[in-house]
Amino acid sequence: MSLKERAVKEFQEKIDSGEEIKESILTYYECESGLSGLVGVPNGNPVPVRGVLAYTNKSLLFYGEIFTKLPVVLHIPFKEINEIKTGKQILTIFKSSLTMVVVHNDREIFSTRGNKEEFISLKTFFENATQEIFITK
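The text that follows walks through the structure, step by step, so that each part is easy to find. (Residues numbered from 1 in each chain as written. Predicted model: local features only at pLDDT ≥ 70, side-chain atom pairs only at ≥ 80, totals over all residues. Heavy atoms only, no water.)

A look at the overall build of the chain
Selection rule: Here a strand is any run of E in DSSP of at least two residues, a helix any run of H or I of at least four, and the numbering for each starts at the N terminus. The cut-offs for exposure are 20% and 50% of the maximum accessible area for each residue type, with area from a 1.4 Å probe on protein chains only; residues under the lower value are buried, those over the upper are exposed, and the others partly exposed. Contacts between residues were defined by any pair of non-hydrogen atoms, one from each residue, lying within 4.5 Å. Only the protein chains shown count as covering a residue, and every accessible area follows the Shrake-Rupley method with a 1.4 Å probe.
For the chain, the count of helices and strands is three helices and seven strands. Going residue by residue from the N terminus, the α and β elements of the chain occur as α-β-α-β-β-β-β-β-β-α. Residues counted as buried form 39% of the 137 residues belonging to the chain. Contacts spanning at least 24 positions in sequence make up 48% of the contacts within the chain whose residues lie at least 6 apart. Accessible surface computed for the chain: about 7900 Å², of which carbon and sulfur atoms make up 52%.

Okay, structure coming up:
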């Protein structure tokens, strides 16, 4: 089973019967707690998790895997989202990349790890999702 197939299966378990997936995209979720944070040891270095980001008519969803046995799943209802904005992430001393930041009770960062063409698609994805959020709220 492919990553996208596993993601769709996970999304179907998380969403209500009235929800439908409107759009999805492959991107990176910048797991701010870091890999060691997932096992209980704090770490300041974010770990990029490649996965599927999608939105429905009611929520934003992400599914990715660090290892096949360690999935990372996000389900953020639109009513909890306060803001979606463009940010910057430092990759190296002289290189940064644009990111999309979703602010809710916490904040989630999605990136393309410096790929400018993919970032255009990610930004368009969030513009479409934002329209759906305003319809819902």
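Notes on the pattern of salt bridges
Counted only if it meets this: When a carboxyl oxygen of Asp or Glu is within 4 Å of a side-chain nitrogen of Lys or Arg, the pair counts as a salt bridge.
Applying the stated criterion to the full structure yields five salt bridges. In this structure, Glu10 and Lys14 form a salt bridge, with 3.6 Å as the shortest nitrogen-oxygen distance. Separated by four residues within a single helix, Glu10 and Lys14 lie in helix α1 (residues 3–14), roughly one turn from each other. Judged by relative accessible area, which is 37%, Lys14 ranks as partly exposed. When the shortest N-O distance is used, the salt bridge between Arg113 and Glu30 registers 3.0 Å. Pair noted here: Arg113 is in the loop between β7 (107–111) and α3 (116–136) and Glu30 is in strand β1 (residues 21–31), with a separation of 83 residues, a long-range link. The exposure class assigned to Glu30 is buried, which follows from its relative accessible area of 1%.

Looking at the sheet that holds strand β4 (residues 70–77)
The cut-off we apply is this: A pair of strands counts as paired when DSSP detects no fewer than two bridges linking them. Lines fitted to the C-alpha atoms define the axes, with helices restricted to the stretch that makes contact. Angles between their N-to-C directions range from 0 to 180 degrees.
If you trace the seven strands from one edge of the open sheet to the other, you get β4-β3-β2-β1-β7-β6-β5, paired in antiparallel fashion. Pairing within the sheet leaves two strands with one partner each, and these edge strands are β4 and β5 (83–92). Neighbour to neighbour, the strand axes of the sheet diverge by 35 degrees on average, direction disregarded. Summarising the sheet, strand β2 (residues 47–56) and strand β3 (residues 59–67) pair through five bridges and their orientation is antiparallel. Bridge pairing links Val52 to Tyr63 in β3. Contacting β1, β2, β3 and β4, α1 runs over the sheet at an angle of about 135 degrees to β3.

Some details on the nonpolar core
Definition in use: Here the nonpolar core consists of buried residues drawn from Ala, Val, Leu, Ile, Met, Phe, Trp, Tyr and Cys, with membership extended through side-chain atoms lying within 4.5 Å.
Counting residues in hydrophobic clusters, the biggest one holds 23 residues, and the most contacted among them are Leu53, Leu60, Phe62, Phe110, Leu122 and Phe126. Every element with two or more residues in this core is listed here: β1, β2, β3, β4, β6 (95–103) and α3. Ranked by the residues each element gives to this core, the list is headed by α3, at six residues. Look past the residues within four positions of Leu53 in its chain and what remains in contact with it is Glu23, Ser24, Ile25, Thr27, Leu60, Leu61, Phe62, Phe110, Leu122, Phe125 and Phe126. In this structure, Ile15, Val52, Ala54 and Leu61 belong to the second largest nonpolar core, which totals seven residues.

Describing α1
For clarity, the threshold we go by: The length a helix should cover is 1.5 Å for every residue beyond the first.
Taking 1.5 Å as the rise per residue, α1 with twelve residues should run 16 Å; its terminal C-alpha atoms sit 17 Å apart, in good agreement. Close packing links the buried residues of α1 with β1, β2, β3 and β4.

Nothing here speaks to function; it is all geometry.
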